[in-house]
Amino acid sequence: MKKLLTFILGLGLCASGFAQTSPASKSAAPKPAGPEKMTPGMTEIWDPEVKIIEAGKTNIEAPSDAIILFNGTDINSEWSDTKGNPTKWTVKDGELISVRGSGMIQTKRKFGSVQLHIEWKTPSDVQGESQGRGNSGVYLQELFEVQVLDSYNNRTYRQGQAGSLYKQHAPLVNVCRKPGEWQAYDIIYTAPTFGNDTTVYLTPPRITVLQNGVLIQNNVVLRGPTEYIGIPEYFIKPHGAGSLQLQDHGNPVAYRNIWIREL
Ligand code: MG
């Protein structure tokens with residue numbers, strides 16, 4: 001898309017250049033307007049609001065063949081910061097808690113397609129609003145964010161609320177529990193495959209997400225890695241397996257009972 005826009009803009013500039021050499025248009029040729037610079041708000045969709053429903057009560061325990069990524073005590077055997085150093089996130093009372101300014105954490109193991117179970121809790125001490133309230137996130141292959149956010153009585157743009165595939169797909173329903181209550185994501189992720197054409201995936205990444213047992217993303221296709229500003233890259237970069245990452249977005253979001261199965 002960017003290349004196409006550049007090409008069209010280039011044609012416009014060329015046409016303008018020819019016009020300026022013509023004696024008849026010497027004084028009046030207006031400077032062509034370029035494409036508007038992208039801002040975060042350009043990729044936010046607020047309406048209609050995602051329907052709100054109430055979840056059941058229970059979450060899921062790990063099956064026998066799962067890799068346990070966090071069992072409530074040890075963080076250093078499976079996780080590090082993004083440079084491979086011990087993370088500054090804290091473990092307290094069986095909870096793994098994001099620490100402001102400490103950056104993302106990621107698994108030492110790398111994964112492709114997976115089934116992931118992860119439980120999360122936004123602070124009961126409610127502070128901030130919209131994207132500033134209980135924000136964290138689960139990144140598959142270091143590239144694709146499943147948003148974690150306090151979306152209980154907290155409007156934000158549809159494809160930025162809890163359970164969204166950030167700025168790509170809004171959840172089918174809002175099944176968020178109250179802040180301070182544990183919630184679960186069960187994620188089925190199918191990694192992309194690559195051919196020789198670097199403008200399209202051979203098969204694109206796909207994600208299904210259940211939140212608190214309710215389907216909120218139904219095998220949706222991701223168009224590219226998560227972007228805060230602008231549209232996901234049209235020109236893809238082939239990649240192999242990647243770490244599972246958890247986002248530090250400045251809010252003390254807690255995690256527990258994290259397990260994964262390779263598919
Ligand atoms: Mg986030």
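Scroll up to find the structure.
Within each chain, residue numbers correspond to sequence positions counted from 1 in written order. With the structure being a predicted model, the display of local features is reserved for residues of pLDDT at least 70 and the display and counting of side-chain atom pairs for 80 or more, all residues being used for whole-chain, interface and lining totals. Side-chain numbers here rest on the full set of heavy atoms in the structure, without hydrogens or water.

1. Let's talk about unusual backbone geometry
The cut-off we apply is this: Numbering of helices and strands runs from the N terminus, with a helix taken as a DSSP run of H or I at least four residues long and a strand as a DSSP run of E at least two residues long.
Residue D47 is joined to P48 through a cis peptide bond whose omega torsion reads 0°. Inspection of the secondary structure assignment puts P48 in the loop between helix 1 (2-21) and strand 1 (67-70). Despite not being glycine, N212 shows a phi value in the positive range, around 55°. Topologically, N212 is positioned in the loop between strand 10 (206-211) and strand 11 (214-221).

2. What to know about empty space enclosed by the protein
Spelled out, the test is: Think of a 1 Å grid over just the protein atoms. A cavity is a set of points where a 1.4 Å probe fits yet cannot get out, a pocket is an open set with protein on both sides within 12 Å along at least five of seven lines, and lining residues have an atom within 4 Å of a point. Grid points are joined across faces, edges and corners, and a volume is the space filled by probe spheres set on the points. Think of it as three bins: nonpolar holds Ala, Val, Leu, Ile, Met, Phe, Trp, Tyr, Cys and Pro, charged holds Asp, Glu, Lys and Arg, and polar takes everything else, Gly as well.
As enumerated under the stated definition, the model contains 2 cavities of 30 Å³ or more in all. By volume, the second largest cavity amounts to about 40 Å³. Taken together, F111, G112, V114, L140, Q141, Y189, G242, S243, L244 and I260 make up the full set of residues lining the second largest cavity. Counted by class, the lining of the second largest cavity contains 6 nonpolar, 4 polar and no charged residues.

3. Focus: the coordination of the magnesium ion
Put simply, the rule reads: Here a donor is any nitrogen, oxygen or sulfur atom (N, O, S) within 2.8 Å of the metal, with 3.2 Å used for Na, K and Ca; water is not among the atoms considered, so some sites may look incomplete. Residue burial is assigned from relative accessible area. The probe radius is 1.4 Å, only protein chains are included, and a residue is buried under 20% of its type maximum, exposed over 50%, and partly exposed in between.
Coordination of the magnesium ion by the protein is provided by N135 (OD1), S136 (O), E145 (OE), Q147 (OE1) and Q247 (OE1), with metal-donor distances spanning 2.2 to 2.3 Å. Along the chain, the residues donating to the magnesium ion fall in the pattern N-S-x8-E-x1-Q-x99-Q. Of this pair, S136 sits in strand 7 (residues 136-140) while Q247 sits in the loop between strand 12 (245-246) and strand 13 (254-262), placing them 111 residues apart in sequence. Residue class for Q247 comes out buried when judged on its relative accessible area of 11%.

4. A word on the sheet that holds strand 12
Defined as follows: Strands pair, by our definition, only if DSSP identifies at least two bridges between them.
Ordered in space as 2-5-12-7-8, the 5 strands form an open sheet in which the pairing is antiparallel. Because the sheet does not close on itself, it has two edges, and the strands there are strand 2 (79-81) and strand 8 (144-148).

5. As for the nonpolar core
To be explicit about the condition: As used in this record, nonpolar core signifies buried Ala, Val, Leu, Ile, Met, Phe, Trp, Tyr and Cys residues forming a set joined through side-chain atoms within 4.5 Å. The contact rule is simple, with two residues in contact once any of their heavy atoms fall within 4.5 Å.
With 42 residues, the main nonpolar core has V138, Y185, I187, L246, Y255 and I258 as its most contacted residues. Secondary-structure elements contributing two or more residues to this core are strand 1, strand 6 (114-121), strand 7, strand 8, strand 9 (183-190), strand 10, strand 11 and strand 13. Residue contributions to this core peak at 4 residues, all from strand 6. In this structure, I258 is in contact with I67, I68, L69, F70, W79, L96, L116, H117, I118 and L246, ignoring residues within four places of it in sequence.

6. So, the environment of L116
Relative to the assigned elements, L116 resides in strand 6. Judged by its relative accessible area of 0%, L116 is buried. Sequence separation of L116 and I188 is 72 residues, and the distance between their C-alpha atoms is 6.5 Å. When residues no more than four places from it in sequence are discounted, the contact partners of L116 are V138, Y185, D186, I187, L244, I258, W259 and I260.

7. Brief notes about a nonpolar patch on the surface
What counts, and what does not: To count toward a patch, a residue needs a relative accessible area over 30% and no salt bridge; like charges are then connected within 9 Å, while nonpolar side chains (Val, Leu, Ile, Met, Phe, Trp, Tyr) are connected within 5 Å. All accessible-area figures derive from a Shrake-Rupley calculation using a 1.4 Å probe, and residue coverage is judged against the displayed protein chains alone. For salt bridges, the criterion is a side-chain nitrogen of Lys or Arg within 4 Å of an Asp or Glu carboxyl oxygen.
Side chains of M38, M42, Y228, I229 and I231 sit close together on the surface and give an oily, nonpolar patch of about 440 Å² of accessible area. Among the secondary structure elements, I231 is positioned in the loop between strand 11 and strand 12. Residue I231 is classed as partly exposed on the basis of its relative accessible area, which comes to 34%.

8. Observations concerning the side chain of Q211
What counts is decided by this rule: Under the rule applied, a polar contact is a pair of N or O atoms within 3.5 Å (in protein, one hydrogen donor and one hydrogen acceptor; residues adjacent in sequence only if both atoms are side-chain atoms).
You can see Q211 is positioned in strand 10. One polar contact links Q211 to Q183, side chain to side chain, over a distance of 3.1 Å. Those residues in contact with Q211 that lie beyond four places of it in its chain are W120, A162, V175, C176, Q183, A184, Y185 and I216.

9. Things to note about the pattern of salt bridges
Tallied over the full model, the rule gives 7 salt bridges. Among the salt bridges present, the one from R155 reaches D47, with a minimum N-O distance of 3.7 Å. Taken together, the positions of R155 in the loop between strand 8 and strand 9 and D47 in the loop between helix 1 and strand 1 put the pair 108 residues apart, joining distant regions of the chain. We classify R155 as partly exposed; its relative accessible area is 33%. Between E78 and R109 there is a salt bridge, and its shortest N-O distance comes to 2.9 Å. Taken together, the positions of E78 in the loop between strand 1 and strand 2 and R109 in the loop between strand 5 (105-107) and strand 6 put the pair 31 residues apart, joining distant regions of the chain. A network of salt bridges, in which partner residues are shared, links D47, E49 and R155.

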